[in-house]
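What follows is the residue order along each chain.
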Amino acid sequence: MEKILKSARKKISNFERLNFDEIIALYEENNLLYLAESARRVKERKSGRKVFYTINRHINLTNVCSANCPLCAFQCRSGDEKSFTLELDDVEKILLDAKTVDGLSEIHIVSALHPNKNFDYYLDVVKLTKKILPNVKIAAFTPVEIANFAEKSNQSYEEILTTLKNFGVTNLLGGGAEIFSPRVREIICPKKIDAETWLDIMRTAHKIGLKSNASMLYGHIETIEERIEHLIKLRELQDETGGFQTMLLFPFQPLNTELGAKFNLQRVGAWEDLKMLAITRLTLDNFDHMKSFWVMLTMPIAQLSLGFGADDLGGTIGEEKIIHAAGVSTRKNISVDELKKIIREVGYEACCTNFIDCRGVADE
Ligand code: SF4
């Protein structure tokens, strides 16, 4: 172990790529302050003193889902008391309201797999968004949703992605990756697309010029080795396409989930969140950005994460339903002034990702 750690430290000091054994050794050594300092060096090499944020609005179109993943607290069956599905009129009201938000730069659309909504419904939402907010980035749909659209409309992934791009989608979301291990997926989300399909849809998106995020869901029944294998698969695809913009880590929220109840799971602690963040920053040497999703992490941990390699605090959000369904008690929105204050307290410069592809434009 000492020999492997020595090699890992040498590589870290030279900004060289870590291998699987070295990453595991760093995880097991559990030297949080060393990991923080090392990950921060990587962050500052990539984005200097900047920390990004977005003025955005989330739209969750429906929680009615045919996949019934045990990991999920958001899903409902049709007719369920808590079920909802937005029609185009509802979406229009949200978009017109979003239009009044000063500096809005992104609409973020993610939903469940509604059994009775076809691809045209989702496409109409994109068209409406583009019509009402022509200059705003549309970050929409995960590979899980893309696979669902393809199956329902009998089109290839490339056809679906090209149509979405042509009508205004600017970025694909990175959700649904969970953990790539087939052993784990069989238990936590057996009906969801497998890892190869998730990666293939991302590869196709990147090929046609749609950038995307990537993600990992940790802190449930996966092993540490399975986490690191997941990260290495993302790193390999990024070597191939260069299409991932930002990496997000999602700690599993067990409340109100079948998975949490079955395995009596508790949410992992702050130490694990920060350690995984630093390990991920060190592993994904070819990713430019790491986002801390404050809704899931809580703002105190998200702020601390800026000292562990994150360089993006995400958005103002406006309204969020998926994570709050799992009993998360963080707020559903935050003001720009609060985000700036949180970033400046750490000693970094707050930068708004303003409009399409202008990441890095300082807010003042
Ligand atoms: S995780 Fe997504 S696909 Fe699975 S049940 Fe929840 S909403 Fe449906």
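Our subject is the structure that appears above.
Residues numbered from 1 in each chain as written. Predicted model: local features only at pLDDT ≥ 70, side-chain atom pairs only at ≥ 80, totals over all residues.

1. Some remarks on the packing of helix H7 (residues 157-166) against helix H9 (residues 195-207)
One way to put it is that H7 packs onto H9 with a least axis distance of 10 Å and a crossing angle of 45°. In terms of axis orientation, H7 runs oblique to H9. Every pair of crossing elements has a handedness; the one defined by H7 and H9 is right-handed. Seen from H7, the contacting residues are Tyr157, Glu158 and Leu161; seen from H9, they are Ile201, Thr204 and Ala205. (Axes fitted to C-alpha atoms, helices over the stretch in contact; angles between N-to-C directions. Helix = DSSP H or I, 4+ residues; strand = E, 2+ residues; numbered from the N terminus. Parallel < 35°, antiparallel > 145°, perpendicular 65-115°, else oblique. Left-handed = near helix turned anticlockwise from the far one by under 90°. Contact = placed C-beta atoms within 7 Å.)

2. Re the site of the ligand
Around the ligand, a shell composed of Cys65, Ala67, Asn68, Cys69, Cys72, Phe74, Gln75, Ala112, Leu113, Val144, Cys189 and Lys192 is seen. A class-by-class count of the residues in the shell around the ligand yields 9 nonpolar, 2 polar and 1 charged. (Near = placed C-beta within 6 Å. Nonpolar A, V, L, I, M, F, W, Y, C, P; charged D, E, K, R; others polar.)

3. Description of the environment of aspartate 311
Here aspartate 311 lies in the loop between helix H14 (299-305) and strand E9 (312-315). Aspartate 311 sits in the buried class, given 27 other C-beta atoms within 10 Å. Residues within four places of aspartate 311 in sequence aside, it is in contact with Lys43, Ser47, Lys50, Val51, Phe52, His289 and Met290. (Buried ≥ 20, exposed ≤ 12 C-beta atoms within 10 Å, placed from the backbone.)

4. Section: helix H10 (residues 224-241)
Look at H10: 26 Å from first C-alpha to last across 18 residues, which is about the 26 Å you get at 1.5 Å a residue. What H10 keeps buried is the set Arg227, Ile228, His230, Leu231, Leu234, Arg235 and Gln238. End-on view of H10: buried residues confined to an arc of 155°, all on one side of the axis. Facing away from the buried surface of H10 by more than 90 degrees, the exposed residues are Glu236, Asp239 and Glu240. Just beyond H10, the residue with positive phi is glycine 242, at close to 65°. (Expected span 1.5 Å × (residues − 1). Arc of directions from axis to C-beta.)

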